[in-house]
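A structural walkthrough
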Amino acid sequence: MLAPAERQIDLILDLLRPLPAPFGVLHVLLVSRCGNAAARRQEPAPMQLRDVAGFLREFEEFFERDGRHHVWVTSLPSQSTIVYDNHNLVYAYGPLEQFIGRAEARGLARRAIEIPVPHHHCFNLEYDDAEAALLDRFDWLEFPLQPGDDP
């Protein structure tokens, strides 16, 4: 688990660069301020890294500053997965030594990470248009969240 204080999308793209394409993208909307269904939404077409980067950059501010979602990116050939959650934590599954090396090169150090209890998530009015644009971005395959999923 990685917990950069800022520029999480930069870190994610750095972790993805050496992984083989194509990639799958999953967006998990946990809470909507706009009346959209809480659901997992999967982009049905595999993507090249430049397309994943374009998507992450397009919604970078929304992802980094609003707590209503998670984003998953998976290298389909290697099954390596990067998960960016609503706590601004990055989980990396795959070539761990490679991921650790890239994180350390960015100045991240090994130490315990604690999520405060209690804590809150911000669902900011100024990102409601971004939520709508993101849901319109692809012809997502939609899967409802199940009881016990993280809202």
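Quick summary incoming for the structure in this document. (Residues numbered from 1 in each chain as written. Predicted model: local features only at pLDDT ≥ 70, side-chain atom pairs only at ≥ 80, totals over all residues. Heavy atoms only, no water.)

A closer look at the nonpolar core
Membership of the largest hydrophobic core comes to 30 residues, with the highest contact counts inside it found for Leu16, Phe55, Leu56 and Phe63. The set of elements that each furnish at least two residues to this core consists of helix H1 (8-16), strand S1 (23-29), helix H2 (49-58), helix H3 (60-65), strand S3 (69-75), strand S4 (81-84), strand S5 (90-93) and helix H5 (128-137). Sort the elements by how many residues they give to this core and H1 lands first, with six residues. Apart from residues no more than four positions distant in its own chain, phenylalanine 63 is found in contact with Ile9, His27, Phe55, Leu56, His69, Val71, Tyr84, Asn88 and Leu134. (Core = buried A, V, L, I, M, F, W, Y, C linked by side-chain atoms within 4.5 Å. Buried < 20%, exposed > 50% of the residue type's maximum accessible area, 1.4 Å probe, protein only. Helix = DSSP H or I, 4+ residues; strand = E, 2+ residues; numbered from the N terminus. Contact = heavy atoms within 4.5 Å.)

Quick word on the environment of aspartate 51
With respect to the helices and strands, the residue aspartate 51 is situated in helix H2. Each C-alpha atom of the pair aspartate 51 and proline 22 lies 9.9 Å from the other, and the pair is 29 residues apart in sequence.

Focus: the packing of H1 against H2
Where H1 contacts H2, the axes come no closer than 11 Å and their chain directions differ by 170°. Compared by their axis directions, H1 and H2 come out roughly antiparallel. From H1, Ile9, Asp10, Ile12, Leu13 and Leu16 reach across to H2, where they touch Leu49, Val52, Ala53, Leu56 and Arg57. (Axes fitted to C-alpha atoms, helices over the stretch in contact; angles between N-to-C directions. Parallel < 35°, antiparallel > 145°, perpendicular 65-115°, else oblique.)

Considerations on the packing of aromatic side chains
Inspection of the entire model under this criterion finds seven aromatic pairs. Judged by centre distance (5.7 Å) and plane angle (65°), the ring pair of phenylalanine 55 and phenylalanine 63 falls under edge-to-face. Looking at phenylalanine 55, the relative accessible area reads 0%, which means it is buried. Grouping aromatic residues by their ring pairs yields a cluster made of Phe55, Phe59, Phe62, Phe63, Phe138 and Trp140. (Phe/Tyr/Trp six-rings, centres within 6.5 Å; stacked < 30°, edge-to-face > 60°.)

Examining the sheet that holds S5
Read across the sheet, six strands follow the order S5-S4-S3-S1-S2-S6 without closing on themselves; strand pairing throughout is antiparallel. Bordering the open sheet on either side are S5 and strand S6 (141-144), each of which pairs with just one other strand. Averaged over all pairs of adjacent strands, the angle between their axes in this sheet comes to 15°, without regard to strand direction. Relative to S3, S1 runs antiparallel, the two being bridged by seven bridges. Of the residues in S3, the one forming a bridge with valine 28 is histidine 70. (Pairing = 2+ DSSP bridges.)

A look at the pairing of S5
Alternating residues of S5 divide into Val90 and Ala92, all buried, and Tyr91 and Tyr93, none buried. Taking the residues between adjacent antiparallel strands as the criterion, S4 and S5 are bridged by five residues, where asparagine 88 takes a positive phi near 65°.

Side note on the environment of histidine 70
Within the secondary structure, histidine 70 is located in strand S3. Separated by 17 residues in sequence, histidine 70 and histidine 87 have C-alpha atoms that sit 8.8 Å apart.

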